[in-house]
Each structure stands twice: as structure tokens, then as C-alpha cells.
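Listed below, chain by chain, are the residues.
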Amino acid sequence: MSVKTFSLLVLILFCFESFSQEDKQYLVPEFLVGSIVPNYLNSPSFGAKIGGAVTYYKSAERNTLTNQYYNYPLLGIQAGFYRLGNPEVYGNEINLMPVLGLRMKKGMFQWGIGTSYFTKTHRQNEKNQSIGSHFNWAFQWMYYRSFDLSEKRNLRLGIGYRHSSNGHVQLPNYGLNSAVFSMTFTPKELKSSMPDKEEVSKSRSFFLKIRSGIGLHEFGSTTSPVGGEKKLVFSQSLGVGFIFKEHFRWYAGFGTRYYQHFADSIKNSDELQALNVHPNNHFFMMGIEYLIYHVGISIEGGINISKPFYYHFSERFENTESVKYTLKKLFPSRMGLKLYLINTAKKPKHNIYISAHINANFGQADFSEASLGYVYNF
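Presented here is an overview of the structure given in this document. Bear in mind the structure is a predicted one, so any value in this text is a computation, not a measurement. (Residues numbered from 1 in each chain as written. Predicted model: local features only at pLDDT ≥ 70, side-chain atom pairs only at ≥ 80, totals over all residues. Heavy atoms only, no water.)

**Some thoughts on the overall build of the protein**
The helix and strand inventory of the protein stands at six helices and 16 strands. Here the protein holds 378 residues, and 51% of them are scored as buried. Contacts spanning at least 24 positions in sequence make up 65% of the contacts within the protein whose residues lie at least 6 apart. Counting every atom, the protein has about 18000 Å² of accessible surface; 62% of that belongs to carbon and sulfur. (Helix = DSSP H or I, 4+ residues; strand = E, 2+ residues; numbered from the N terminus. Buried < 20%, exposed > 50% of the residue type's maximum accessible area, 1.4 Å probe, protein only. Contact = heavy atoms within 4.5 Å. Areas by Shrake-Rupley, 256 points an atom, 1.4 Å probe, with all protein chains shown as cover.)

Rendered as C-alpha cells:
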């Protein structure tokens, strides 16, 4: 990137009028530059990742216990466009994601999860082992610091990590990781500082949750076979737990999954039938969830009680002799977003939600899933 181009981008950011109103709404553009972080051997060469994003923020209300605890976070949605450093292989990326900005004593931590679109995939260029589909999951973790610049503006600098992958729905699926540096100019009142807050009282209540989900994945390892058939994964789970301070859930329970790919492989194999291998996965899970209005951000981990077909899957596509195989066989994980029908800050006795999660074997994507769930608060 030339000095002239950089200077032009800075001028555009400075002239773009971020706005704020009495109800604390902000529109903030930012310039980002960084680099792809290779995650497999012999990955294609690449230059700088360059792009821009625009984020609409709204400051949380001051009348709920949740927002007091989080120091009145910034809730928003971000749209971005990025040139990925090697247009012949990776093309460009466009993403859209809800974001949550958590204020700290110094700076702000921002977390986001949404979707990304890539203009090129493995099907357009076989050197691209990272991205197998045009539409993917997108994640971001950013840390921002603001510095006084003038009476009306601050200079905001940020550093962070971004990731995109399709959750093993279409191979290959190494995923694309990148480290980025951010720069923008913001209104004075957006400076990340700790506002005054009331003392948060201690509280704890009991709840029960059930859910049913349907997932989709392609049969194979991270890289092959390419172009395989996609089949469904059916799942159910039951859990109980506690809500702390009206916004943080901890829970544990049990779940089961049925893999159509596993079932068909067993059906077509006399050897597997003789071994009485089944296509189910029974597991114990434990999770945490952060509640903000209608949205829940959940992370789960667990231990597989039974998943007999996974050995035969790994024997065919991967390696059954490594430590990674043992970890992936034992420890499932999930991460995603929930959307509740009733505002969780109103503490409803009954609530239902829809959700989107990426499921993994330890850290390797397994399948993407949509679920319908019910929560009963005692």
C-alpha cells in the first residue's frame, strides 16, 4: 500500500462524521491492516490484509442489573470489506456481524460473531485450502484504546484477531485466520471509560433447559474428499444450572447426536455391522452463557461417553495414533449465538430461543447446527 493511499484513507476516516445523539447512538468507520496467519504447511504467499469496516453502536440502557454489571456495554452491528493479500487465491471478504463492546478501565474489548462471504474458494483456485465455501462463520476479538486528539475527537487504535470457516459443511475447511491493526477517529463521548455504576447485588436462581437441533456436515477430514455429499446430524440435550446476577448462566447436562453419514457408512459395511458399531454420540456437557437482552452468547465443552464410529472415521480420514486424535475423540465443544423470544432482562419464567452453533471435536470443526430450545426459570 502506497503512502498516498494510506493518507487518503486517513483523510476519509477523519472527514467521515461519526454521529452521536442523546440516546447514545454512534456510527464509527475504521481502517484495518494486518496479515493472514498461515495454519497449514505450504500455504500460498500473501501480502497485507487491508480493509475497512463501519460499526453502528448503541449504548446500553442504565436501568438493568445486567448493564450495570457490564459497565453499560456498547451493542452494535458491523459491516466490513477486506482485500486478503492474494486476490488470485483468496479474493476478497465481506462480513456482517453483531458486536459487543465491553468497557474496561483502560480501553474496550470487543467480541463479535456473524457471517462472512468470500469471493473465491477452493473451487475457484485449488491452492486455497482455507476456504471451501462462499458463506462462512466469522469471529472477531478486538482490543481498543482511545487517545485525546481534539476537543471533539479521539484517535482510537485497536489490535485483534479474526477467523472465518464454514464449520465443516464444505471441504476443505482449514479456516482463515488473520491478525489486524485498526485505526479510526471517534466522538469524544465514545471514549472507552468506566462509567459510574451502582453496587451489583448478589443473586442466584435455578433453571432447566432443553433443546433439539439439526446440523449439516460433509464427510471427510479437514481437506478431503472435496465435493462429498452433505448429510444431517440430529441432536438433543437436557441441562440444569444456575443464573448468577441475572445475566450469567452456568449449566451442565447430557446430550445425544445421530450422524446420518455414520449410519450410512455402517449400513454399507458388513465389518462394522459385525462389530455392533452405532452412529450415535452420547456426551456430558458443561457450559456458560452471557445474557444481554434477547441475545445469549454460549460456550460449551464436555466429555464423550460414547462415540464408537469416530475411531473408524479417523482410521479412514485422519490418524488414530496421535495425541490429537485422543483429544478430539474425548472432548466435544460448541460455540454460538442464541436469540430469545422474551427479553431475558425481564426474568421470564418461560422462554424459548433459536440458535446457531459451530460444533467441534476438541478444536476441529465437526458440523454447523441450528437449534430450537426452551428454558424454565424456577
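**Some remarks on the side chain of Arg 249**
On the secondary structure map, Arg 249 appears in strand E11 (residues 248-259). Within polar-contact distance, the side chain of Arg 249 engages the side chain of Tyr 340 at 2.7 Å. If we ignore the near neighbours within four places in the chain, the residues touching Arg 249 are Phe 207, Phe 242, Ile 243, Gly 287, Ile 288, Glu 289, Leu 291, Tyr 340, Val 375 and Asn 377. (Polar contact = N/O pair within 3.5 Å; in protein donor to acceptor, adjacent residues only side chain to side chain.)

**Quick notes on the sheet that holds strand E13 (residues 295-306)**
Hydrogen bonds between backbone groups are what pair the strands of a sheet, and the pairing can be parallel or antiparallel. Strand order around the closed barrel formed by eight strands is E9-E10-E11-E12-E13-E14-E15-E16, with antiparallel pairing between neighbours. Averaged over all neighbouring strand pairs, the angle between strand axes comes to 25°, with direction disregarded. As paired strands, strand E15 (residues 350-361) and strand E16 (residues 364-377) are joined by 12 bridges and run antiparallel to one another. Looking at E16, one finds that Ala 356 is bridged to Ala 370. (Pairing = 2+ DSSP bridges. Axes fitted to C-alpha atoms, helices over the stretch in contact; angles between N-to-C directions.)

**Description of the environment of Ser 43**
Counting through the fold element by element, Ser 43 comes out in the loop between strand E1 (25-37) and strand E2 (49-59). What makes Ser 43 partly exposed here is its relative accessible area of 22%.

**Details of the environment of Phe 367**
By the element assignment, Phe 367 lies in strand E16. Phe 367 sits in the buried class, given a relative accessible area of 0%. Through-space distance from the C-alpha of Phe 367 to that of Val 169 is 6.2 Å; in sequence the pair is 198 residues apart. In this view, Phe 367 contacts Gly 167, His 168, Gly 215, Leu 216, His 217, Val 233, Arg 257, Tyr 259, His 357, Ile 358 and Asn 359; residues no more than four positions away in its chain are not counted.

**Quick look at the sheet that holds strand E7 (residues 153-165)**
Read around the closed barrel, eight strands run E1-E2-E3-E4-E5-E6-E7-E8, paired in antiparallel fashion. Averaged over all pairs of adjacent strands, the angle between strand axes in this sheet comes to 25°, irrespective of strand direction. By the bridge criterion, 12 bridges tie E7 to strand E8 (residues 176-187) in an arrangement that is antiparallel. Pairing of Gly 158 across the sheet is with Ser 182, part of E8.

**Regarding the packing of helix H5 (residues 309-317) against helix H6 (residues 323-330)**
Two elements in contact, H5 and H6, have axes separated by 11 Å at closest approach and are oriented at 145°. For the pair H5 and H6, the crossing hand works out as right-handed. When H5 is examined against H6, the residues Tyr 310, Tyr 311 and Ser 314 are found in contact with a partner set consisting of Tyr 325, Lys 328 and Lys 329. Of the residues belonging to the contact of H5 with H6, the class tally is three nonpolar, one polar and two charged. (Left-handed = near helix turned anticlockwise from the far one by under 90°. Nonpolar A, V, L, I, M, F, W, Y, C, P; charged D, E, K, R; others polar.)

**Some points on the pattern of salt bridges**
Using the criterion set out here, one finds 11 salt bridges in the structure. One salt bridge connects Arg 211 with Glu 369, and the closest N-O pair in it is separated by 3.1 Å. A residue pair is termed long-range when its members are at least 10 positions apart, and Arg 211 in strand E9 (residues 204-218) and Glu 369 in strand E16 qualify at 158 residues. You'll find Arg 211 and Glu 369 in the same group, each marked buried. (Salt bridge = Lys/Arg side-chain N within 4 Å of Asp/Glu carboxyl O.)

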